[in-house]
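# Notes for the structure review
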Amino acid sequence: KAAAHNHFLKTIIIDDLQSGRTKTVVTRFPPEPNGYLHIGHAKSICLNFELADEFNGRTNLRFDDTNPVKEDIEYVNSIKEDVKWLGFEWDGLFFASDYFDEMYERAVLLIKKGKAYVDDLTADQIREMRGTLTEPGKESPYRNRTVEENLQLFEAMRRGDFKDGEKVLRAKIDMSSPNITLRDPVIYRISHAHHHNTGDKWCIYPMYAYAHPLEDAIEGVTHSICTLEFEELRPFYDWVIEECETEAKPHQYEFNRLNLTNTVMSKRKLKLLVDEKVVDGWDDPRMPTISGLRRRGFTPKAIRDFVRETGVSKNFGVVDFKMLEHFIREDLKLQAPRTMAVLNPLKVVITNYPEGQTEMLDAEINPENPEMGTKQIPFGREIYIEQDDFMEEPVKGYHRLFPGNEVRLKNAYFIKCNDFVKDENGNVTELHCTYDVETKSGTGFTGRKVKGTIHWVEALNAVPAEFRLYDSLIFDENGEEEETEGASSFLNRLNPGSLEIVQGFVEPDMKAAEPQDKFQFFRHGYFNVDPKYSKPGAPVFNRVVSLKSSFVI
Ligand code: ATP
Ligand code: MG
Ligand code: MG
């Protein structure tokens with residue numbers, strides 16, 4: 001496994017190990033199981049696992065499942081699968097909900113210390129009284145309840161004596177703090193909701209900002225790495241660690257989140273695409289989810305190399321999706337067998353080739369990786385080529401087939417177009433060509449040259465196949481605008497041409513192709529056998545990426 005690039009978090013860890021603050025590096029990846037993981041999560045996963053790995057530390061997978069309404073076991077399972085598929089093994093597998101008892105005890109401790117109180121204000125009142133950057137907040141009339149009263153009310157909250165929203169527990173810090181998140185943040189709320197792990201045991205649930213530092217402390221996490229939007233919560237993180245008197249003293253560090261062009265990444269938006277059936281599931285090959293990228297044909301290595309290259313800093317940036325494509329081309333280049341696939345086929349009859357006869361021709365499996373060897377492909381009197389490889393009236397510079405012109409068939413012979421057949425609508429349905437036996441590929445024929453090489457598949461043995469060609473899901477060069485955009489307004493920027501389905505043929509050996517097998521189709525790019533729509537003997541191919549790119553790294 002490659003070591004993570006140098007960056008500020010690595011420097012911090014090296015310092016902490018040298019100064020003795022840290023004996024063993026412990027990190028965690030803490031997803032909330034309210035959706036499938038996306039490529040942004042992959043960045044956090046690689047960062048956490050690779051940092052610990054590099055210094056012989058440990059990394060936990062922890063489900064931050066403190067919000068029962070949005071969470072589901074389906075998401076838990078998919079997250080485990082995706083982390084493993086990316087190539088990482090967690091040390092501990094934990095659920096924040098397993099710590100609810102301890103979190104409750106720590107909250108009781110806060111009350112006893114006079115550091116937390118039960119508030120009867122509504123969520124709206126609390127928000128209104130919180131103040132602004134220029135205006136201090138106002139204290140709640142319930143702020144000075146006695147410890148005794150607070151203990152009784154908190155116990156009653158837990159027992160289920162109150163309805164959702166009737167009461168909350170708040171940390172008692174400073175209503176005039178310049179950091180608004182320190183103005184008595186809510187740490188427990190009432191929610192009579194069934195929890196996927198704890199069932200109906202609890203009707204009060206801890207808030208993220210209170211729960212997270214405790215989860216880290218309970219697991220002995222040393223470096224709690226999160227994205228920059230949590231920066232202003234760090235003082236409260238430290239407050240919780242201090243006031244709850246945890247044994248371990250984790251620290252929070254923030255880095256830039258990964259943003260990508262031409263997609264959306266928040267789980268809320270991705271879920272909307274699934275619920276509105278814009279896509280065929282969380283694993284639709286157009287989705288930036290790990291499962292979508294996998295089904296599209298991206299490899300774990302390409303994803304890991306990509307997120308590593310995007311760097312770790314505190315600067316905001318949007319990364320070009322083309323950079324991810326660069327890494328998958330790099331990874332598949334030497335691995336993916338080359339083969340010919342004909343999209344939008346046009347039949348060619350080679351009129352001087354004996355009827356009912358076929359022959360086997362040699363084809364190199366991967367010219368960039370000769371060790372992969374050669375294979376044999378059939379050739380015969382009828383073949384398919386692409387409709388685009390013929391023009392009745394060629395435009396200037398067109399070197400493929402047109403009446404009177406000769407081209408090379410990849411791995412086979414020169415053929416010359418003599419005639420064509422049209423249907424009643426004027427569409428060309430068949431070409432009549434002749435081949436020249438002298439020009440067989442590999443014989444070193446130099447008698448004359450042709451300008452075009454096209455690909456083909458022998459008709460009798462060809463396997464019918466479906467090809468799914470993808471374009472970006474969203475028209476958007478700048479990545480999503482999380483703050484300014486309404487919940488669903490990005491749906492107005494959907495690219496209606498993000499999926500094109502084309503029928504055609506592939507070589508006979510493709511009958512044996514298995515879901516997730518990857519190939520390079522001559523001239524078309526890299527393709528992956530779709531695990532959802534393929535049937536035995538009838539493959540459906542997802543285009544991972546085309547062959548060429550203007551992107552330079
Ligand atoms: P989203 O906002 O996309 O719905 P989230 O941040 O709510 O995701 P969590 O399940 O809470 O998702 O995230 C788990 C971890 O992944 C967190 O530490 C979070 O900071 C990190 N993470 C989420 N999105 C990104 C991203 N785009 N780039 C880097 N890290 C991310
Ligand atoms: Mg979250
Ligand atoms: Mg979020």
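Residues numbered from 1 in each chain as written. Chains lettered and ligands numbered in written order. Predicted model: local features only at pLDDT ≥ 70, side-chain atom pairs only at ≥ 80, totals over all residues.

As recorded in an unreviewed UniProt entry, the chain goes by Glutamine--tRNA ligase and comes from Paenibacillus aurantius. Listed in UniProt under the heading Catalytic activity (unreviewed entry), the comment for the chain reads: "tRNA(Gln) + L-glutamine + ATP = L-glutaminyl-tRNA(Gln) + AMP + diphosphate". Under the UniProt heading Sequence similarities (unreviewed entry), the note attached to the chain is "Belongs to the class-I aminoacyl-tRNA synthetase family." (UniProt positions renumbered as here; feature names shortened; annotations may be inferred.)

Let us now look at the overall build of the chain. A count of helical and extended segments in the chain gives twelve helices and 25 strands. Scaling as 2.2 N^0.38, a compact globule of 553 residues should have a C-alpha radius of gyration of about 24 Å, whereas the chain reaches 31 Å, well beyond that. Principal axes of the C-alpha set define a box for the chain whose edges measure 100 × 55 × 40 Å. A burial count over the chain gives 40% of its 553 residues as buried. Counting only contacts in the chain whose residues sit at least 6 apart along the sequence, the fraction spanning at least 24 positions is 72%. (Helix = DSSP H or I, 4+ residues; strand = E, 2+ residues; numbered from the N terminus. Rg over C-alpha atoms; globule rule 2.2 N^0.38 Å. Buried ≥ 20, exposed ≤ 12 C-beta atoms within 10 Å, placed from the backbone. Contact = placed C-beta atoms within 7 Å.)

Turning our eyes to something else, we now look at the nonpolar core. Counting residues in each nonpolar core, the largest one holds 94 residues, and the members touching the most others are Ile 303, Ile 328, Val 342, Tyr 384, Ile 385, Trp 456 and Val 457. Ignoring sequence-local partners within four residues, the contact set of Ile 328 consists of Phe 298, Thr 299, Ala 302, Tyr 526, Val 544 and Val 545. Counting residues in each nonpolar core, the second largest holds 37 residues, with Ala 96, Phe 100, Ile 187 and Trp 202 among its members. (Core = buried A, V, L, I, M, F, W, Y, C linked by C-beta atoms within 7 Å.)

Pairing in this open sheet of three strands is parallel, and the strands run β1-β2-β3 from one edge to the other. One side of each edge strand has no neighbouring strand; the edge strands of this open sheet are β1 (26-29) and β3 (93-95). Neighbour to neighbour, the strand axes of the sheet diverge by 35° on average, direction disregarded. Relative to strand β2 (residues 58-63), β1 runs parallel, the two sharing four bridges. Residue pairing in the sheet places Thr 27 in a bridge with Thr 59 of β2. Against the sheet, helix α2 (residues 39-54) engages β1 and β2, with an angle of about 160° to β1. (Pairing = 2+ DSSP bridges. Axes fitted to C-alpha atoms, helices over the stretch in contact; angles between N-to-C directions.)

Taken as a whole, the chain is organised into domain 1 (8-255), domain 2 (267-337 + 465-545) and domain 3 (341-455). One C-alpha centre belongs to domain 1, the other to domain 2; they are set 34 Å apart. Taken together, the contact pairs 20 residues of domain 1 with 19 residues of domain 2. Only α1 (8-19), α2, α3 (73-85) and β9 (251-255) provide two or more residues apiece to the side of domain 1 that touches domain 2. For the side of domain 1 that touches domain 2, the leading source of residues is α2, giving five residues. Taken together, the residues that form the side of domain 1 that touches domain 2 break down as twelve nonpolar, five polar and three charged. (Domains from an automatic or database assignment. Nonpolar A, V, L, I, M, F, W, Y, C, P; charged D, E, K, R; others polar.)

Before going further, it helps to examine unusual backbone geometry. With a phi close to 80°, Gln 516 is a non-glycine residue in the positive phi region. Here Gln 516 is to be found in the loop between β22 (499-506) and β23 (518-521). With 14 C-beta atoms counted inside 10 Å, the residue Gln 516 sits in the partly exposed group. The backbone of Arg 523 sits at a positive phi, close to 75°, despite the residue not being glycine.

This next bit is on the pairing of strand β8 (residues 223-227). Bridge count for β8 against β9 is five bridges, and the pairing is parallel. By the bridge assignment for β9, Ser 224 is matched with Gln 252. A crossover connection joins β8 to the parallel β9 through helix α8 (residues 234-243); in handedness this β-α-β unit is right-handed. (Right-handed = clockwise from strand over helix to strand, strands pointing away.)

Attention now goes to the environment of Lys 548. Within the secondary structure layout, Lys 548 lies in the segment after β25 (540-545). Spatially, the C-alpha atom of Lys 548 lies 9.1 Å from that of Arg 329, the residues being 219 residues apart in sequence.

The subject of this paragraph is the packing of helix α7 (residues 208-218) against α8. Any two packed helices are characterised by the angle at which their axes cross and by the distance between the axes. Closest axis-to-axis distance for the α7/α8 pair is 9 Å, and the angle between their directions is 55°. Our classification of the angle between α7 and α8 gives oblique. When you trace α7 past α8, the crossing you get is right-handed. Between α7 and α8, the residues in contact are Ala 209, Tyr 210, Pro 213, Leu 214 and Ala 217 and Phe 236, Tyr 237, Val 240 and Ile 241, respectively. Here the residues of the contact of α7 with α8 are counted per class, giving nine nonpolar, no polar and no charged. (Parallel < 35°, antiparallel > 145°, perpendicular 65-115°, else oblique. Left-handed = near helix turned anticlockwise from the far one by under 90°.)

Attention now moves to the environment of Ile 187. By secondary structure assignment, the location of Ile 187 is in strand β6 (residues 186-190). Residues Ile 187 and Tyr 117, 70 residues apart in the sequence, show an inter-C-alpha distance of 9.8 Å. Once you skip the residues sitting within four places of it in the chain, Ile 187 turns out to touch Ala 107, Ala 116, Leu 169, Arg 170, Ala 171, Pro 206, Met 207 and Tyr 210.

Neighbouring ligand 1 are 14 residues; Pro 31, Gly 40, Thr 227, Arg 257 and Lys 267 lie closest to it. When residues of the shell around ligand 1 are traced back to their parent elements, those giving at least two are α2 and β8. Here the shell around ligand 1 gets four residues from one element, more than from any other, and that element is α2. Taken together, the residues that form the shell around ligand 1 break down as five nonpolar, five polar and four charged. (Near = placed C-beta within 6 Å.)

Strands sit in the order β4-β5-β6-β7 across an open sheet of four strands; the sheet is antiparallel. Every interior strand has two partners, whereas the edge strands, β4 (116-119) and β7 (204-206), have only one. Neighbour to neighbour, the strand axes of the sheet diverge by 20° on average, direction disregarded. Examined bridge by bridge, β6 and β7 share three bridges and lie antiparallel to one another. Looking at the pairing, Tyr 188 lines up with Pro 206 of β7. Of the strands in this sheet, β4, β5 (168-171), β6 and β7 touch helix α6 (residues 147-159), which is tilted by about 60° from β4.

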